[in-house]
Amino acid sequence: MPRITTPSEGTAGERLEYWRDAVSQNLVPLEVRPRESADFSASLHAVRVGQVQMSVISAAPHSIARTRRHIASDAPDFLQLTLQLTGRGVLTQRDRQAQVGPGELVIYDTRRPFTYDLDQSHSGLVLMFPQAMLQLGERDLARVTATPVPCHDGLGQVVLPLLHGLARQMEHVEARATPRLADNIIDLVGTLLVEHADAVRTTEADGSGRLTERVLVHMEQRLADPGLSPEGIAAAHRISRRYLYKLLAARGYTVSGWIREQRLARCRRDLADPSLDHLPVGAIGGRWGFADPAHFSHAFKAKYGMSPREARTDRR
C-alpha cells in the first residue's frame, strides 16, 4: 500500500489538488478545501489488512467534504473511524457536529455526505471497513455517527492504546498482519461503539423525558388560551410537530386529547366551586379555552355523562 507525500514544488493550490487526488484514490472520492494558509503539505501511509484499510495521515490545515455528487448509487457500505492523534477537527454528518480532539474517536458513514474541518496542523489514524463487519444495528449506528466516542474510561481505555499502537507500528502491521487481526480490531471497536450507543440511548431517554415534562408544564400554564395549538407548542420548544406528537405518544397521550382532558377537569373543578356560582356555565368553559359554549357542553357531557349545568346542579 502507498506512502504518499505532497510534492515540495508547485503552488499550495496545486499541492491541494494533488492531495485531493491521492485521498480520493486511496480512501473515498471527496473535495479538499483550503484554509487560510500560505502553504500546504500532507502525507499518507496506508496499509490494507484483510477488509480493513488503515491510514495514518498528517497534514496542514484544510477541510474535506464528501458531497452527494461523490456518492454513486452503487457505492459500497464503508464506514470510517478516525482517531485524532494531534490537532483538532470538526466532523459534520447527519445534522450533527462532533468536536474531535487528540485521543478522541469519531465514526462516519461514507454513503452519506460529510465534512471534516481541520483548522490546525494535525495527524490521525483512519480505519475504513465494510459496515457489515461492525455488527451494529442501524439505529445504534445512527446514534453514534458523528458523535465523539469517549475513551477516558470503560472499554475505551483498552481500545485507545491499541489504536495508538497501530498508528506507531504501521510498518510492522504491513509486514506481519493477518486478516484475523483486522477482524479482532473491528470486533473490539464494535464493542466500544455498542457501549457508546447504550450511553447515548440512555441520554436520549433522559433528555426526551425532561423535554416532555417541559412541554406538559408549558401546555398546563396555557390551558386558558383558546389559541393553544400543536404548532405553537412545537415552535416554543424548537421541535417539529411530528416530534411533539411522538413525545406525548410515549406517555399515552395525543396533544389535543391531553389539552381537552385537562381543560375539562378544570371546568369540572370550577363548577364544583360555590364561589364561582355567579359565573354562567359558558363563562366557566371560556375560562379554560372553550371559546364555543355549545362545543364545551358537548365535550363535557361526552366526558362525564352530564351537561355542565347538570354537574353544577348535582353539586348543589
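Throughout, residues of each chain are indexed from 1 in the direction in which the sequence is written. This being a predicted model, a pLDDT of at least 70 is required before a residue's local features are given, and a value of 80 or more before pairs of side-chain atoms are given or counted; all residues contribute to the totals for chains, interfaces and linings. With hydrogens and water set aside, each side-chain value is computed from the structure's full complement of heavy atoms.

Caption draft 1: Quick look at the sheet that holds strand β2 (residues 31-34). Two strands make a pair as long as DSSP finds a minimum of two bridges between them. Helical segments are the DSSP runs of H or I of at least four residues, strand segments are the runs of E of at least two, and each set is numbered from the N terminus. Overall, antiparallel pairing links the 5 strands, which are arranged β2-β5-β10-β7-β8 in an open sheet. Looking at the sheet topology across the chains shown, the edges are occupied by β2 and β8 (96-100). Going from strand to strand, the sheet's axes swing by 15° on average, the running direction of each strand aside. Throughout, a contact is declared for two residues whenever any of their heavy atoms are within 4.5 Å. Every angle, taken between N-to-C directions, lies between 0 and 180 degrees, and every axis is a line fitted to C-alpha atoms, over only the stretch in contact when it is a helix. Where helix α1 (residues 12-26) meets the sheet, its contacts fall on β2 and β5 (62-66), and the angle it forms with β2 comes to roughly 155°.

Caption draft 2: Molecular detail of the pattern of salt bridges. Should a side-chain nitrogen of Lys or Arg be within 4 Å of a carboxyl oxygen of Asp or Glu, the pair is scored as a salt bridge. In total, this model carries 14 salt bridges according to the counting rule given. The salt bridge involving Arg 20 is made with Glu 17; its shortest N-O contact spans 3.8 Å. Taken together, the residues Arg 20 and Glu 17, both in helix α1 and 3 residues apart, mark about one turn of the helix. Buried residues are those whose accessible area, probed at 1.4 Å on protein chains only, stays under 20% of the maximum for their type, while exposed residues exceed 50% and partly exposed ones sit between those limits. Owing to a relative accessible area of 32%, Arg 20 belongs among the partly exposed residues under this scheme. Given a relative accessible area of 44%, Glu 17 falls into the partly exposed group.

Caption draft 3: A look at unusual backbone geometry. The phi dihedral of Gln 135 is positive, around 55°, even though this residue is not glycine. Summarising the element assignment, Gln 135 is placed in the loop between β11 (122-130) and α2 (138-144). Here the phi dihedral of Arg 238 falls at roughly 55°; this positive angle occurs in a residue that is not glycine. In this structure, Arg 238 sits in the loop between α6 (230-236) and α7 (241-249). Accessibility expressed as a relative area gives 81% for Arg 238, which makes it exposed.

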